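# Results of the structural survey
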Amino acid sequence: MSGAIANAHSKHDDHGPVKGWRRWLYATNHKDIGTMYLVFSLVMFFCGGLMALIIRTELFTPGLQFVDPSFFNQMTTMHALIMVFGAVMPAFVGLANWMIPLMIGAPDMALPRMNNWSFWILPVAFSILGSTLFMSGGAPAGGWTMYPPLVLQTGDAFPFLIFSVHLMGLSSIMGAINVIVTIVNMRAPDMTLLKMPMFVWTWLITAYLLLAVMPVLAGAVTMLLTDRFFGTSFFLAAGGGDPVMFQHIFWFFGHPEVYIMILPAFGVVSEIIPTFSRKPLFGHDSMVYAASSIAFLSFIVWAHHMFTVGMPLTGQLFFMFATMLIAVPTGVKVFNWTATMWKGAMTFETPMLFSLSFLFLFTIGGFSGLMLAIVPADIQYHDSYFVVAHFHYVLVPGSIFGVMAAVYYWMPKWTGHYYNERLGKIHFWLSTIFVNVTFFPMHFLGLAGMPRRIPDYATQFADFNSIASAGAIGFGLSQLLFVYIVIQCVRKSGAIASQEVWDKPRGLEWTVPSPAPYHTFETPPEVSPGAAFP
Amino acid sequence: MAHAEDRYYVPHGSHWPVVGSAGLFFLMVGVSIWLNGADTGFWVMLAGAAIVIFMLIGWFGEVIGESESGRYNSQVGMSFRMGMFWFIFSEVMFFSAFFGALFYARNMAVPWLAGDSNNFFTNLLLWDGFEGSWPTNGPGNVGGEFEVMGPFGLPLINTAILMTSSVTVTIAHHALIHGQRNLLKVFLATTFLLGFIFVFLQAEEYIEAYQHMNLKLSSGIYGSTFFMLTGFHGMHVTIGAIMLTIIWLRVLKGHFTPERHFAFEATAWYWHFVDVVWVGLYVFVYWM
């Protein structure tokens, strides 16, 4: 396209950070927006965490003591919505914003203003969702899965719930478009697809998943809205609809959603383990194929969330076997990480510790997932605490530990200073111990028959519940240490970080100074043709 | 990938995103309050919608100005194109949810209510005598007896109109590429006029359905899927026709060159997308 040369020195070009609030409100810089995402996610993590602690406090002993059952249900619902859409997803988008341009040698995200809008929709969405706690009828209490007909009985909160979900979807879709376009269009000239770092690869796949399923969720909640207010019969059997249809549509979104929350963590771990093993990632290309296979399979397994709801036997068999197939690519990834460490010169800094913990504990969550995939067994496990144990094992030591590992790994690059390694290790050990104290007993509770989403339980479950509650409080308090470590690092109290930060890590992000300057790679980085990326 | 230029383009900050967020806040809160039965919500909703429209005009206006002053390089153009493509993909998935609901209801929910598969007793005990043909408003006869919207008449005319408009927009595109500005103006105007005629006829069809056929949004699963699918499609046609109108006004102002006309292309893609969705609608909602 002729005559289209950008005038690099025009006054409209962005050079340094604007002073004051405009820097954040009008942001177009991927680092600023990434920071906002990460801070927002941390705030939401504590909001959702507080709700989890209310749940665990109530469950500390049998009987009803602190909250009434309706409020308890509001807490389980809001805890899930906030953690899924407010903590885990924005944390990974924040990491994507910060790191993808640095890792592919791009100056910024491809569509910087839309990037800003993706972020600034989130505070709107979550203030709308949070405000429902103060409405007549209280916050939504029918579970984050919003199954009709129960969710249709929500009080004044109902339309607010629906529209906040719409806004979260809008934000995710714009974020995903930005990630895809950035990766496909903005890579350094010699960075071919298979030379891309694994974090970039897993985010590319995640972005495709987001684009494919967030609109489906929007459609599903729109049907709820019209069923409640405009007389449609999508989920009304008398009108020829079916409440089960909502579950199918919801889980068509919901199952890829769980991979949206874990694939970027796979990417993080694939960056960290090679660095601290001082070896290249074992089987880079097979990791790409494995992640792609997981993404594909995630679209054809959704009904394993609803084996007990009633479906033809052939359906149950198909979804059971398809689900178990996911263990194959996931196994490829776990073995590749293990093989990366094999005979490596390993050291155990905090990011590596979190990655190793991820490797072990996520695998436990994966195995309990396999147990749940087996139809006859699932009919026993369904809606029990075993399910709660399973998905918290993949989400807390899986996704959340992935985020923690990433923050420790890249924070010196962001701030120019190391975090306090001693405190980081203490944070790691506290988190890892307490996460197991919290969630491991839930396996036993579930197998013994304790149902999920209940504020009271039979006395036979008392011991394991009090252990889990104690662990939860310990885990929650340990995260305050994390905040302290981050603040310390941001205030530059640690040692000054070099450009490489770690011992010869691979990747373009380590070729820019620490802290990363406000603008990086304003011209494409030069990499000799054919050479592997540093 | 385009790397013709030696320097990347990074735009300056913008206040439009937060204006848009504020607009969405008032829009969503307003609709919610209104749906909960308080009329004040309606005005809050209108205020929110006004802010969103103000944002769209301002943001697009700024981008158009920057584009016309030649600030964007070809890499930015490629980013815009990819962004539009994946946006349309997400729209396709949104419609898929409603098509999925239609297929599930027709092939599973309704036959099962009628006793198909292993649901003999469901039918016998709950909905005895329900036979489960399509179209249906369900065993509860929700919304009362209704007439079915057949595939001929207005829907067929509308199909012809949209198909024609897809052709005219392509002719306009070729005219743009070959520098035939007058041909471009005529065929672009034809396209959006056909679009608005489509919306008008669709409104006529709805009036006919509501007044003479007792076919309403509340007419069971058939009414639900019929009006939600055609309604969301009609909304997209309206948006597309407005986009085409704006493109036409830009053409009148002398915007676009045979080489550089992303906005035109994006709008044309969007127009083909609503066209393709209509074909699906015509086949599965009206015809089969």
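### Overview of the overall build of chain A
Summing up its helical and strand segments, chain A has 15 helices and zero strands in all. Since a compact globule built from 534 residues should have a radius of gyration of about 24 Å, the 23 Å found for chain A is in line with a globular shape. The C-alpha extent of chain A, read off along each of the three principal axes, is 65 × 55 × 45 Å. For chain A, with 534 residues in total, the buried portion stands at 64%.

### A word on the domain arrangement of chain B
What the domain assignment reports for chain B is domain 1 (1-72) and domain 2 (74-287). When each unit is reduced to the centre of its C-alpha atoms, the spacing between domain 1 of chain B and domain 2 of chain B is 25 Å.

### As for the packing of helix α13 (residues 385-415) of chain A against helix α15 (residues 462-490) of chain A
All names here are of chain A. Viewed as axis vectors pointing N to C, α13 and α15 meet at an angle of 15°, and their least axial separation amounts to 10 Å. Between α13 and α15, the interaxial angle falls into the category roughly parallel. Crossing geometry of α13 relative to α15 is assigned as left-handed. Residue-level inspection shows Val396, Phe401, Met404, Val407, Tyr408, Met411 and Thr415 of α13 in contact with α15, the latter providing Phe475, Gln479, Phe482, Ile485, Val486, Cys489 and Val490. Class assignment of the residues belonging to the contact of α13 with α15 gives a composition of 12 nonpolar, two polar and no charged.

### As for helix α7 (residues 220-252) of chain B
Relative to the 48 Å expected for 33 residues at 1.5 Å per residue, α7 of chain B spans 47 Å between its end C-alpha atoms, a close match to the ideal helical length. Residue Gly254 of chain B follows α7 of chain B closely and has a positive phi angle near 90°.

### A few points about the packing of aromatic side chains
All names here are of chain A. As enumerated under the stated definition, the model contains 79 aromatic pairs over all chains in all. Relative to Phe464, the ring of Phe444 has its centre 5.2 Å away and its plane inclined at 40°; by these criteria the two rings are tilted. Note that Phe444 is positioned in helix α14 (residues 421-447) and Phe464 in helix α15, a separation of 20 residues in sequence. On the accessibility criterion, Phe444 (38% relative accessible area) is partly exposed.

### A word on the packing of helix α7 (residues 243-277) of chain A against helix α10 (residues 327-341) of chain A
Residues and elements named next belong to chain A. The contact between α7 and α10 brings their axes to 9 Å, and the two run at 15°. With respect to α10, the element α7 is oriented roughly parallel. Considering how the two elements wind past one another, α7 and α10 form a crossing that is left-handed. Contact residues: Phe266, Val269, Ser270, Ile273, Pro274 and Ser277 in α7; Lys333, Trp337, Thr340 and Met341 in α10. Its residues assigned to classes, the contact of α7 with α10 shows six nonpolar, three polar and one charged.

### Observations concerning the interface of chain B and chain A
Contacts between the two partners involve 75 residues from chain B and, on the opposite side, 79 residues from chain A. Together chain B and chain A conceal approximately 6,700 Å² of surface at their shared face, both sides included; 71% is due to carbon and sulfur atoms. Between Arg113 of chain A and Glu66 of chain B there is a salt bridge whose closest N-O contact spans 2.9 Å. Elements with a minimum of two residues in the side of chain B that touches chain A: α1 (16-35), α2 (40-68), α3 (74-113) and α7 of chain B.

### Some remarks on unusual backbone geometry
With an omega of 0°, the peptide bond between Pro148 of chain A and Pro149 of chain A qualifies as cis. Its place among the elements puts Pro149 of chain A in the loop between α4 (112-131) and α5 (157-185). Between Trp134 of chain B and Pro135 of chain B the backbone carries a cis peptide bond, its omega angle lying at 5°. Positive phi outside glycine occurs at Arg453 of chain A, with the angle close to 55°. Tracing the sequence through the fold places Arg453 of chain A in the loop between α14 and α15. The exposure class assigned to Arg453 of chain A is partly exposed, which follows from its relative accessible area of 32%.

### Regarding the pattern of salt bridges
Residues and elements named next belong to chain A. Enumeration over the complete set of coordinates arrives at eight salt bridges over all chains. Put simply, Arg278 and Asp503 hold a salt bridge, and the shortest N to O gap is 2.7 Å. Here the residue Arg278 occupies a position in the loop between α7 and α8 (284-297), and Asp503 occupies one in the segment after α15, the gap between them amounting to 225 residues. The class for Arg278 is partly exposed, based on a relative accessible area of 31%. The network of salt bridges with common partners includes Arg278, Asp503 and Lys504.

### Looking at the side chain of Glu58 of chain A
Residues and elements named next belong to chain A. Turning to its location among the elements, Glu58 is positioned in helix α2 (residues 30-58). Nearest to the buried, unbridged Glu58 among oppositely charged side chains is Arg56, at 10 Å. Within the local environment of Glu58, its side chain forms a polar contact with the backbone nitrogen of Phe66, the two atoms lying 2.9 Å apart. Separated by 3.0 Å, the side chain of Glu58 and the backbone nitrogen of Val67 make a polar contact. Non-local contacts of Glu58, meaning those with residues more than four positions away in its chain, are made with Gly63, Leu64, Gln65, Phe66, Val67, Phe72 and Pro455.

Rules used in this analysis
Residues numbered from 1 in each chain as written. Chains lettered and ligands numbered in written order. Predicted model: local features only at pLDDT ≥ 70, side-chain atom pairs only at ≥ 80, totals over all residues. Heavy atoms only, no water. Helix = DSSP H or I, 4+ residues; strand = E, 2+ residues; numbered from the N terminus. Rg over C-alpha atoms; globule rule 2.2 N^0.38 Å. Buried < 20%, exposed > 50% of the residue type's maximum accessible area, 1.4 Å probe, protein only. Domains from an automatic or database assignment. Axes fitted to C-alpha atoms, helices over the stretch in contact; angles between N-to-C directions. Parallel < 35°, antiparallel > 145°, perpendicular 65-115°, else oblique. Left-handed = near helix turned anticlockwise from the far one by under 90°. Contact = heavy atoms within 4.5 Å. Nonpolar A, V, L, I, M, F, W, Y, C, P; charged D, E, K, R; others polar. Expected span 1.5 Å × (residues − 1). Phe/Tyr/Trp six-rings, centres within 6.5 Å; stacked < 30°, edge-to-face > 60°. Buried area = accessible area lost by both parts, 1.4 Å probe. Salt bridge = Lys/Arg side-chain N within 4 Å of Asp/Glu carboxyl O. Lys, Arg positive; Asp, Glu negative; His and termini not counted. Polar contact = N/O pair within 3.5 Å; in protein donor to acceptor, adjacent residues only side chain to side chain.

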